[in-house]
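The primary structure of each chain is shown beneath.
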Amino acid sequence: MATFLYKLGRLAFRRRHFVALIWVALLTLAGVGAASAPAAGNTSFSIPGTEAQKAFDLLEQRFPGMSADGATARVVFKAPNGEKMTDKDNKATVEKTVKELGDGSEVASVADPYTGKAVSKDGTIAYASVKYKVSGMELEDSSRDALNRAAEDARDAGLTVEIGGDALSATPETGSSEVIGIAVAAVVLVITFGSLLAAGLPLLTALIGVGIGVSTITALASVLDLGSTTSILAMMIGLAVGIDYALFIVSRYRAELAEGREREEAVGRAVGTAGSAVVFAGLTVVIALVGLSVVNIPMLTKMGIAAAGTVAVAVLIALTMIPALLGYAGRRVKPAGEKSKLLGGRRKAEQPHKADRPNLGTRWASFVVRRPVAVLLLGIVGLGAAAVPAGSLELGLPDDGSQPTSTTQRRAYDLLSEGFGPGFNGPLMVVVDARDSDRPKAAFTEVGDRIKGLENVVTVTPPAPNKAGDTATITVIPDSKPSSTSTEDLVHAIRDTGADITRSTDATVLVTGSTAMNIDVSQKLNDALLPYLALVVGLAFLLLIVVFRSVLVPLKAALGFLLSVLAALGAVVAVFQWGWLSGLMGVEETGPVMSMMPIFMVGVVFGLAMDYEVFLVTRMREAYVHGEKPSQAVVTGFRHGARVVSAAAVIMIAVFAGFIGSSESMVKMIGFGLAVAVLFDAFIVRMAIVPAVLALLGRRAWWLPGWLDRLLPNVDVEGEGLRARDEDRPRDEDRELVRA
């Protein structure tokens, strides 16, 4: 591996014009594709294998004109103080609005509040239901404009009007804080390298990689049914890893220059050693992201694959474009430390005390090696305390009730709760399939009667059969809000009742609707978490055994990851569920944690955590295999890698934190969770717990059974093949290979 990448780095350095042209061409091609691609179409949230999805599919077959997955809107009206919605003028305004709402070409139906009994008991609130032929993401802007215009006309007539439902769903905005994250990354790079040019290289290549990845996603969004959140998450992860991967290679390049190597040779060695770590770190991230497909939720699978593709691009750019740009930069990128002015000569005699002073990484590692038990216990106790809130984790999917109070969707949600009860925002649709029943009408009636007798039920509508009379829908209004555990219990109770009815009537009872779909999604994600964790950690564990040629080091890496991800989940619960520091984070409404958050964090955080493990510990193993004692190898690894790993972690934290300003609650929560997870993993697990454990284990840390050692391929991440190659040829040969 190291030898191949060494040759690749030197080739990219020599053929820099060709390499740069290829990447610029790819960026241009992706940009043109994104600009000319049609707008993204239907981004349906299908959940194969769930009861709610089966019911939706059945409705499409038995009620072909119903548009079961079509967008919906609830236009909620409230009368001025002292008036009622049944007053003549108010009623006329509503009827006029209903007429306007029904004029659109994408509108399937509009329910009049007065004929559909959609007026509250006190007469102050009413609503009109609008059903569209297409989903919320397919809805044209003209239809949304017409919806808003009709509501505005009613407001002008004196009514309070708000709009709820998914018809107003829009592309999430990330906010200016994303730019702040990139700016922080730039400052950290300048401090790390002490050079604007060297700092600019990782930023430039990361932006090019993200540009290619996001543009490709945009170009294929319509064809592959990709949602807007997919590109945002790909940008988030692509920026973070793209900067980090380039940072490690540029840092190693400067270190090789400081040892007196010519520039082409230094590039080759940087790509051969740090580049090997980049490849394996990238592979762990890709495994974690692609592994999301085992959950069998198409949207999550597409998000994972798209983000994995962006990571793969970041790896390829780091291995090829960074060497090319270093070739363009020439002598303007200086060697690391004091040696940069002498190009490998002796240090200045007048500054021996400064040159010989141990850096912060060396001093910290030496302290940890001397006090491993104290550091280990302190790190574990600290992360354990942060993980305590995770024990109260409640999962759910966001609805309009989790929107900021400044949005019309949230105000419509509150008005409906005020006028009709909290359960009105999450009606359950019960589908009765009586095709195999001898008494379909009796089955419909029995289902309705049995549901009325359940707890937490406010309203049960009469069965509405299809034309064939073999399938009917029944709407059930709970007494509790959609995201409550009481509503979830009601869904399970209806399904249990349906099982009894099936045995007596041969009719099948299915529960669907957005609330039931959210419950099924949460359950599916919970069921998939352990298999996913086993798959991802298992594959990455095998990969790390190959990299480190050790059993205990990968095991320690996996256990450290579990600590950091649990602590990060605890922080997410504290902020988004309990409300701690919610104002600072822009969280206007607390509630259950998004149900896909744990499994997404497991995937992404594991991949990113292994980045630091690979970059830091490969330096330690490199020192160990070159003859240093285990404790000294730990210190050596920190001397060379701690500063760069710390800078990489700060950059990644800044990039992820930049997405906390997003208007999309899912993106906000993921940005916060990943930023905190990287903070815990990089500075507590990798910088404290890892060296403490390695110091305690000593030589046992690098133990590998002989039979396994013979089976494993030798990937040579440490560059041992390059060292042997050095011994086989004169050092002056390097200089002869340098081209002007």
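It should be emphasised that the depicted structure is a prediction, and the values quoted were computed from it without experimental measurement.

Engineer: Before we move on, can you summarise the overall build of the chain with the specific residues and values?
Structural biologist: Counting secondary structure elements, the chain contains 24 helices and eleven strands. Looking at the chain residue by residue over its 740 residues, the buried ones come to 54%. Of all intrachain contacts in the chain linking residues separated by at least 6 positions in sequence, the fraction that spans at least 24 positions is 79%.

Engineer: Provide a residue-level description of the nonpolar core, including the pertinent values.
Structural biologist: Counting 173 residues, the largest nonpolar core has Tyr-245, Leu-300 and Phe-656 as the members making the most contacts within it. It is helix H21 (residues 665-697) that contributes the most residues to this core, 20 residues altogether. When residues no more than four places from it in sequence are discounted, the contact partners of Phe-656 are Met-236, Ile-237, Ala-240, Leu-608, Gly-671, Leu-674, Ala-675 and Val-678. Phe-77, Val-107, Ala-150 and Val-161 belong to the second largest nonpolar core, which has 26 residues in total.

Engineer: Summarise the packing of helix H18 (residues 552-577) against H21; cite the residues concerned and give the values.
Structural biologist: Each pair of packed helices gets described by two things: the angle between the helix axes and the distance between those axes. Where H18 contacts H21, the two axes come as close as 8 Å, and the packing angle between them is 145°. In this structure, the crossing between H18 and H21 has a hand that is right-handed.

Engineer: Would you mind going over the pairing of strand S9 (residues 471-478) in detail, with residue names and values included?
Structural biologist: Counted residue by residue, S9 has seven buried out of eight residues, so it is predominantly covered. Bridge count between strand S6 (residues 428-433) and S9: six bridges; the pairing is antiparallel. Along S9, the bridge assignment pairs Val-432 with Ala-472. Of the strand pairs in this sheet, strand S7 (residues 457-460) and S9 are connected by three bridges, and their pairing is antiparallel.

Engineer: Let's hear about the pattern of salt bridges: which residues, and what values?
Structural biologist: Evaluation of the coordinates by the stated rule reveals 22 salt bridges. Close ionic contact of Arg-411 with Glu-162 constitutes a salt bridge, the shortest N to O distance being 3.0 Å. Of the two residues, Arg-411 sits in helix H14 (residues 408-420) while Glu-162 sits in strand S4 (residues 160-164), which places them 249 residues apart along the sequence. Given a relative accessible area of 34%, Arg-411 falls into the partly exposed group. With its nearest N and O atoms 2.9 Å apart, the salt bridge here joins Glu-265 to Arg-269. With Glu-265 and Arg-269 both in helix H9 (residues 263-290), this residue pair falls four residues apart, about one helical turn. The buried category is assigned to Arg-269, whose relative accessible area is 7%. Each of Arg-10, Arg-14, Glu-264, Glu-265 and Arg-269 takes part in salt bridges that share partners, so that together they form one network.

Engineer: Give a description of the packing of aromatic side chains that names residues and reports values.
Structural biologist: The full count for this structure, using the stated rule, is seven aromatic pairs. Between Tyr-127 and Phe-424 the ring centres are 5.1 Å apart and the planes differ by 65°, which places this aromatic pair in the edge-to-face class. Of this pair, Tyr-127 sits in strand S3 (residues 125-132) while Phe-424 is found in the loop between H14 and S6, placing the two residues 297 residues apart along the sequence. Its relative accessible area of 10% is what places Tyr-127 among the buried residues. Put simply, the rings of Tyr-127, Phe-420 and Phe-424 pair up and form one aromatic cluster. The ring of Tyr-328 is capped by Arg-16, whose NZ or CZ atom sits 6.0 Å from the centre of that ring. It is Lys-91 that lies over the ring of Tyr-114; its NZ or CZ is 5.1 Å from the centre.

Engineer: A description of the side chain of Ser-120 should follow, citing residues and the corresponding values.
Structural biologist: You can see Ser-120 is positioned in the loop between strand S2 (107-111) and S3. Classification of Ser-120 as buried rests on a relative accessible area of 5%. Here Asp-122 takes part through its side chain, which lies 2.6 Å from a polar atom of the side chain of Ser-120. Those residues in contact with Ser-120 that lie beyond four places of it in its chain are Ile-125, Gly-419 and Phe-420.

Engineer: Got a sec to walk through the environment of Gly-658? Specific residues and values, please.
Structural biologist: Take Gly-658: it is sitting in the loop between helix H20 (630-657) and H21. Gly-658 sits in the buried class, given a relative accessible area of 2%. Placed 13 residues apart in sequence, Gly-658 and Gly-671 show a C-alpha to C-alpha distance of 7.3 Å.

Engineer: I'd like to hear about the sheet that holds S4, residue by residue, with values.
Structural biologist: With antiparallel pairing, four strands are arranged side by side in an open sheet as S2-S3-S1-S4. Whereas interior strands pair on both sides, the edge strands pair on one side only; in this sheet they are S2 and S4. Direction aside, neighbouring strands of the sheet carry axes that sit 20° apart on average. Across the face of the sheet, helix H5 (residues 141-156) comes into contact with strand S1 (72-78), S3 and S4 while running at roughly 160° to S4. Relative to the sheet, H14 contacts S1, S3 and S4, its axis offset from that of S4 by approximately 105°.

Engineer: Would you mind going over helix H4 (residues 88-101) in detail, with residue names and values included?
Structural biologist: Between its terminal C-alpha atoms H4 stretches 20 Å, which fits the 20 Å expected from 14 residues at 1.5 Å a residue. Within the span of H4, buried status applies to Asn-90, Thr-93, Val-94, Thr-97, Val-98 and Leu-101. Seen end-on, H4 carries its buried residues on one side only, within an arc spanning 135°. Away from the buried face of H4 by more than 90 degrees, exposed residues Lys-88, Asp-89, Lys-96 and Lys-99 are located. For H4, the elements touching its buried residues are S1, S2, S3 and H5.

Engineer: Tell me about unusual backbone geometry, residues and numbers included.
Structural biologist: Its identity is not glycine, yet Asp-506 carries a phi of approximately 65°, on the positive side. Within the secondary structure, Asp-506 sits in the loop between helix H16 (485-505) and strand S10 (508-512). Non-glycine residue Arg-549 carries a positive phi angle of around 50°. Its place among the elements puts Arg-549 in the loop between helix H17 (514-548) and H18.

Engineer: Lay out a nonpolar patch on the surface in plain terms, naming residues and giving numbers.
Structural biologist: Together, Ile-180, Val-184, Val-650, Leu-679 and Phe-683 give the surface a local cluster of nonpolar side chains, amounting to about 370 Å² of exposed area. Secondary-structure assignment places Phe-683 in helix H21. The partly exposed category is assigned to Phe-683, whose relative accessible area is 32%.

Engineer: Report on the confidence of the model for the chain, specifying residues and quantitative values.
Structural biologist: With 89% of its residues at a pLDDT of at least 70, the chain reaches an overall mean of 82. The least confident element of the chain is helix H24 (residues 732-737), whose mean pLDDT is 42; the most confident is helix H13 (residues 372-387), at 94. Within the model, pLDDT remains below 50 along residues 338-355, and this stretch shows 20 contacts once partners closer than five positions in the same chain are excluded. When the criterion is pLDDT under 50, residues 730-740 qualifies, and its contacts beyond four places in sequence or with other chains add up to 15 contacts.

Engineer: Can you tell me about the packing of H17 against helix H19 (residues 597-625), naming the residues and giving the values?
Structural biologist: In contact at an axis separation of 10 Å, H17 and H19 are set at 15° when each is read in the N-to-C sense. As far as their axial angle goes, H19 and H17 are roughly parallel. Our pair here, H17 against H19, has a crossing hand that is right-handed. Of H19, the residues touching H17 (which contributes Leu-525, Ala-528, Leu-529, Tyr-532, Leu-533, Val-536, Val-537, Ala-540, Leu-544, Val-547 and Phe-548) are Pro-598, Ile-599, Val-602, Gly-603, Phe-606, Met-610, Glu-613, Val-614, Val-617, Thr-618 and Arg-621. Within the contact of H17 with H19, the residues separate by chemical class into 18 nonpolar, two polar and two charged.

What counts and how
Residues numbered from 1 in each chain as written. Predicted model: local features only at pLDDT ≥ 70, side-chain atom pairs only at ≥ 80, totals over all residues. Heavy atoms only, no water. Helix = DSSP H or I, 4+ residues; strand = E, 2+ residues; numbered from the N terminus. Buried < 20%, exposed > 50% of the residue type's maximum accessible area, 1.4 Å probe, protein only. Contact = heavy atoms within 4.5 Å. Core = buried A, V, L, I, M, F, W, Y, C linked by side-chain atoms within 4.5 Å. Axes fitted to C-alpha atoms, helices over the stretch in contact; angles between N-to-C directions. Left-handed = near helix turned anticlockwise from the far one by under 90°. Pairing = 2+ DSSP bridges. Salt bridge = Lys/Arg side-chain N within 4 Å of Asp/Glu carboxyl O. Phe/Tyr/Trp six-rings, centres within 6.5 Å; stacked < 30°, edge-to-face > 60°. Lys NZ or Arg CZ within 6 Å of the ring centre and 35° of its normal. Polar contact = N/O pair within 3.5 Å; in protein donor to acceptor, adjacent residues only side chain to side chain. Expected span 1.5 Å × (residues − 1). Arc of directions from axis to C-beta. Patch = residues over 30% accessible without salt bridge, like charges linked within 9 Å, V, L, I, M, F, W, Y side chains within 5 Å. Areas by Shrake-Rupley, 256 points an atom, 1.4 Å probe, with all protein chains shown as cover. pLDDT = per-residue confidence, 0-100. Parallel < 35°, antiparallel > 145°, perpendicular 65-115°, else oblique. Nonpolar A, V, L, I, M, F, W, Y, C, P; charged D, E, K, R; others polar.

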